[in-house]
Amino acid sequence: MIVGKNIHKSFGDLEVLKGVDLHVKPQEVVVLVGVSGSGKSTLLRCFNFLEMINSGEITIDGHTINPKKEDLAKIRAEVGMVFQHFNLFPHKSVLENVIEAPITVKKMKKEEAKKLGMNLLRKVGLEDKADVYPSKLSGGQKQRVAIARSLAMEPKVMLFDEPTSALDPELVGEVLQVMKQLAEEGMTMVVVTHEMKFAKEVADRIIMIDQGTIIESADPKNFFENPQNERTKQFIQLVE
Amino acid sequence: MPDLFVDVFDVFMRTYQGFLEATVVTLELTAIGVVLGTVIGLIFALMKISGSKILRGIANIYITVIRGTPLIVQIMFLYFGIVEIYTMSNFWAGAIALGVHNGAYIAEIFRGAIQGIDPGQREASLSLGMNRKQTMQRIVFPQALRRSIPPLGNQFIITLKDSSLVYIIGVAEIFSLANREAAQSYQAFESFLVVALYYLVLVMIFTFLLRLYENKLDVDKA
């Protein structure tokens, strides 16, 4: 579904990604782990072209993308992204947040979009908050709205960039629950997270990124019980 | 002291009809200066944050020149400059000068507000498939506009007071009236005190309306 080949990305002199290869299959849930600064968030942002890669190749749903020639908006519309800090639009109500892109990008009729929006809000358990503004929501609720907003574009793949890192501990569960449900429905997902329990339960594959390269890629059982790389072993000890 | 009060009252009573007419001119100058300034300001703000080096360069030159020279010089320059090529009333020359002058300051207000919006807003919008134009129109600019309202209000008040400077090219607004009254009646102190009160009252009404509007925006947002 998403294939990255030999991805290199630098910020100035700092090389953040040093030739990453990643192949995410349809309906696969891949969790990216690593210490902060390892490049995992940058990799995710490259898949959505919020960062432009310096070299390498990104293929989405069989289509290799040339970011210089193509309409990036069209590509981004097919790749959902959920951010650490939610980034809800504060000047729009919850429902307006969800239906903004379907109306603006897909030119969906307002009535139809509202129906879709309400269905999605029901899915994330926030039907009753449709007319409320984001400032009145808890962090967990905000993130669930952000997920609904992304889903409204019916993306082929969902990227999650530390979706629970900015949440109070008691609010993490409700967001993970929604993500777990999505995974069970067969959504292709790439998740950067520090929630190891989620990774163990939901991931098909866990990938460890260290200093801009992939150093371990295994199913959860092998990843935690039989890690090959020394740095992965250290990392697991740290988080367990 | 009672004498002064009587004198001021006397000037007031003698001039209020003229002042009411002149107040309309002052408000017209202010309104044109503000509307024109907002349009120019928006265009130059967008130029200044655009990807084009040329557009950015033009906007920078405009803002630098306008902010770097006194309004009164700009008024004279425009008046005598434009009249050379195109016949125009002194009122319009003054109003356009106010608009051009304001445009530079308002451009900076808009630019600051746009750049002050959390980059995450832009990223979220782009990630949903909205293009750069849609992102600016529907997500970034509406938020920036809200933030611009207090400094814009401030700029409007400055414009109202700055409109007094067009007296130099003979526009019959309230300051020029006070000036004439002072010269004719030899009651300079009283005349300028009266005109000061006119400005003060106008600014207070303006401030009050602005506060109402800001409160309404806050309520809407909640």
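The model shown is predicted, which means the values in this text are computed figures rather than measured ones.

Engineer: Lay out the interface of chain A and chain B with the relevant residues and their values.
Structural biologist: Of the residues lining the interface, 25 residues belong to chain A; the matching set on chain B comes to 21 residues. Taken together, the two surfaces of chain A and chain B that pack against each other cover about 1900 Å², and 59% of this comes from carbon and sulfur. Taken together, chain A and chain B are joined by 2 salt bridges. Where chain A meets chain B, there are 8 residue pairs in polar contact (both at pLDDT 80 or more). Those elements giving two or more residues to the side of chain A that touches chain B turn out to be α2 (72-77), β6 (79-82), α3 (94-104) and α5 (139-151) of chain A.

Engineer: Would you mind going over the packing of helix α5 (residues 119-127) of chain B against helix α6 (residues 132-162) of chain B in detail, with residue names and values included?
Structural biologist: Residue and element names in this part refer to chain B. Taken N-terminus to C-terminus, the directions of α5 and α6 make an angle of 145 degrees; their axes are 10 Å apart at the nearest point. The chirality of how α5 crosses α6 is right-handed. Side by side, α5 and α6 meet where Q121, R122, S125 and L126 of the first sit next to R132, T135, I139, V140 and Q143 of the second. Residue classes in the contact of α5 with α6 are distributed as 3 nonpolar, 4 polar and 2 charged.

Engineer: Describe the nonpolar core, listing the residues and the values that go with them.
Structural biologist: A:L121, A:I147, A:M158, A:F160, A:M179 and A:M189 are the most contacted members of the largest nonpolar core, which totals 51 residues. It is helix α6 (residues 169-184) of chain A that provides the largest number of residues to this core, a total of 8 residues. Dropping the residues within four chain positions of it, A:M179 is found in contact with A:I147, A:F160, A:P163, A:M189, A:V191 and A:F198. By size, the runner-up hydrophobic cluster in this structure holds 39 residues, among which are A:V30, A:I60, A:A77 and B:M130.

Engineer: Lay out the layout of surface pockets with the relevant residues and their values.
Structural biologist: Residues and elements named next belong to chain B. Looking at the largest pocket, its volume works out to about 380 Å³. For the largest pocket, the lining is made up of 14 residues, of which I49, I114, R122, R132 and M136 are closest to its centre. If you list the elements that add at least two residues to the lining of the largest pocket, you get α4 (90-115), α5 and α6. Examining the composition of the lining of the largest pocket, we find that 5 residues originate from one element, α6, more than from any other. Among the residues making up the lining of the largest pocket, the classes are represented as 7 nonpolar, 3 polar and 4 charged.

Engineer: Could you give an account of the pattern of salt bridges, naming the residues involved and the relevant values?
Structural biologist: Under the defined criterion, the tally for this structure stands at 22 salt bridges over all chains. The closest approach of N and O atoms between A:K106 and A:E154, which form a salt bridge, is 3.2 Å. One end of the pair, A:K106, is in the loop between α3 and α4 (110-123); the other, A:E154, is in the loop between α5 and β7 (157-161), and 48 residues separate them in sequence. Since its relative accessible area comes to 34%, A:K106 is described here as partly exposed. Put simply, B:K48, B:R67, B:E108 and B:R111 are held in one network by salt bridges that share partners.

Definitions and limits used
- Residues numbered from 1 in each chain as written.
- Chains lettered and ligands numbered in written order.
- Predicted model: local features only at pLDDT ≥ 70, side-chain atom pairs only at ≥ 80, totals over all residues.
- Heavy atoms only, no water.
- Contact = heavy atoms within 4.5 Å.
- Buried area = accessible area lost by both parts, 1.4 Å probe.
- Salt bridge = Lys/Arg side-chain N within 4 Å of Asp/Glu carboxyl O.
- Polar contact = N/O pair within 3.5 Å; in protein donor to acceptor, adjacent residues only side chain to side chain.
- Helix = DSSP H or I, 4+ residues; strand = E, 2+ residues; numbered from the N terminus.
- Axes fitted to C-alpha atoms, helices over the stretch in contact; angles between N-to-C directions.
- Left-handed = near helix turned anticlockwise from the far one by under 90°.
- Nonpolar A, V, L, I, M, F, W, Y, C, P; charged D, E, K, R; others polar.
- Core = buried A, V, L, I, M, F, W, Y, C linked by side-chain atoms within 4.5 Å.
- Buried < 20%, exposed > 50% of the residue type's maximum accessible area, 1.4 Å probe, protein only.
- 1 Å grid on protein atoms, 1.4 Å probe; cavity = no way out; pocket = protein on both sides within 12 Å on 5 of 7 lines; lining within 4 Å.
- Points joined across faces, edges and corners; volume = space filled by probe spheres on them.

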